[in-house]
Amino acid sequence: MNDVATTPGASSQNRSRRLHPGVPTSASDGTAGIAAASDTGRRRGPRSSGTGTQSTREAILAAARASFLAKGFAKTTIRGVARDAGVDPALVSYYFGTKGDLFGASMNLRIRASEEIARVVSGDIRTAGPRLVRLAMTAWDDSSGGATFRALLRWVATDDGAPEAVQTYATEQIAVPVMQALEQAGVLGPDARERATLAGSQLVGLAMIRYTYRVEPIASASVDHLVEVVGPTIQHYLTGPLLRRQATENH
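Throughout what follows, the structure given in this document is the object of discussion.

About the cut-offs
Residues numbered from 1 in each chain as written. Predicted model: local features only at pLDDT ≥ 70, side-chain atom pairs only at ≥ 80, totals over all residues. Heavy atoms only, no water. Helix = DSSP H or I, 4+ residues; strand = E, 2+ residues; numbered from the N terminus. Contact = heavy atoms within 4.5 Å. Salt bridge = Lys/Arg side-chain N within 4 Å of Asp/Glu carboxyl O. Buried < 20%, exposed > 50% of the residue type's maximum accessible area, 1.4 Å probe, protein only. Axes fitted to C-alpha atoms, helices over the stretch in contact; angles between N-to-C directions. Left-handed = near helix turned anticlockwise from the far one by under 90°. Nonpolar A, V, L, I, M, F, W, Y, C, P; charged D, E, K, R; others polar. Patch = residues over 30% accessible without salt bridge, like charges linked within 9 Å, V, L, I, M, F, W, Y side chains within 5 Å. Areas by Shrake-Rupley, 256 points an atom, 1.4 Å probe, with all protein chains shown as cover. Core = buried A, V, L, I, M, F, W, Y, C linked by side-chain atoms within 4.5 Å. Expected span 1.5 Å × (residues − 1).

Moving on: the environment of Tyr237. The residue Tyr237 is located in helix α12 (residues 223-239) in this model. In this structure Tyr237 touches Arg195, Leu198, Ala199 and Gln202, once residues within four positions along its chain are discounted.

Take the pattern of salt bridges next. Under the criterion given, the structure shown has 5 salt bridges. The salt bridge involving Glu116 is made with Arg119; its shortest N-O contact spans 3.0 Å. In this pair, Glu116 and Arg119 are both assigned in helix α7 (residues 113-121), 3 residues apart and thus about one turn of the helix distant. Classification of Arg119 as exposed rests on a relative accessible area of 53%. The shortest N-O distance in the salt bridge between Arg195 and Asp191 comes to 3.1 Å. In this pair, Arg195 and Asp191 are both assigned in helix α11 (residues 189-212), 4 residues apart and thus about one turn of the helix distant. Classification of Arg195 as buried rests on a relative accessible area of 8%.

The next point concerns the side chain of Gln235. Checked against the element boundaries, Gln235 lands in helix α12. Judged by its relative accessible area of 11%, Gln235 falls in the buried class.

What follows deals with the packing of helix α8 (residues 128-141) against α11. At their nearest, the axes of α8 and α11 sit 11 Å apart, and the two run at 35° to each other. By crossing handedness, the relation of α8 to α11 is classed as right-handed. Taking contact as the criterion, the partners of Leu132, Val133, Ala136, Met137, Trp140 and Asp141 in α8 are, on α11, Leu203, Leu206, Ala207, Arg210 and Tyr211. For the contact of α8 with α11, the residue count by class is 9 nonpolar, no polar and 2 charged.

In this section: a nonpolar patch on the surface. Judged by side-chain polarity, Ile209, Tyr213 and Val215 come together as a nonpolar surface patch covering roughly 250 Å² of accessible area. With respect to the helices and strands, the residue Val215 is situated in the loop between α11 and α12.

Quick look at the nonpolar core now. Judged by nonpolar contacts, the single largest core of 38 residues is most densely connected at Met137, Trp140, Val178, Leu203 and Ile234. Of all the secondary structure elements, the ones that give two or more residues to this core are α7, α8, α9 (145-158), α10 (162-184), α11 and α12. Considering each element in turn, this core owes the most residues, 9 residues, to α11. In this view, Leu203 contacts Leu132, Val133, Ala136, Trp140, Ile174 and Ile234; residues no more than four positions away in its chain are not counted. If you look at the next biggest cluster of nonpolar residues, it comprises 20 residues, including Val81, Ala82, Leu152 and Ala165.

All right, on to α11 then. Taking 1.5 Å per residue, 24 residues should reach 34 Å; α11 reaches 33 Å between its end C-alpha atoms and fits that length. Remark: Arg214 follows α11 within two positions and exhibits a positive phi of approximately 55°.

Structure below.
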């Protein structure tokens, strides 16, 4: 594992940020987590893509997925996943970071979400909103990989660990690649972060309504219909004008 240097007097929060870059330390720190994850999240874990490395990652993900489905987020532990996968707990952290990161990776089943989202948004940013909705809904509606995603999402709705799990997934698998694509299109950092967070929250909220709470008519709506009605909202978040609250002074 990479050694993490510490300096005398460094706070525990700063040490945590260095150990797990890109992971927000609290729900109120989501945008900071997006910024950090965009720079460092992709560097977590070994650079090797050899057969041994890939098989180890797959074994860890399989064990994690089984544990999250059977026990939920709160009762799943890094140590337990490592034991089931037959690896050292430190290796799980090395590949995936925190338990929240591992949960996000387990939910990312049918597609490499971050890569696919980046490809969709990096096309014509002016028409990316509907494509982004179609990508998400098609993947999550899928009868095989999507079924596991939906089961995990139902755990999120009732699990004490839900805030961390949802935040990590929405940040690293959706918001970060959207933010990076926006920055490549010339959108400035703070504005790109806000737009990416709005788009990510809309998609995750749509998933909760559709798959977990089964609210009609959204639950039974076709993907085409959702693309038609939700796509423009995502597009507005990506490229439309955002109202700014004006600061007022109290006299």
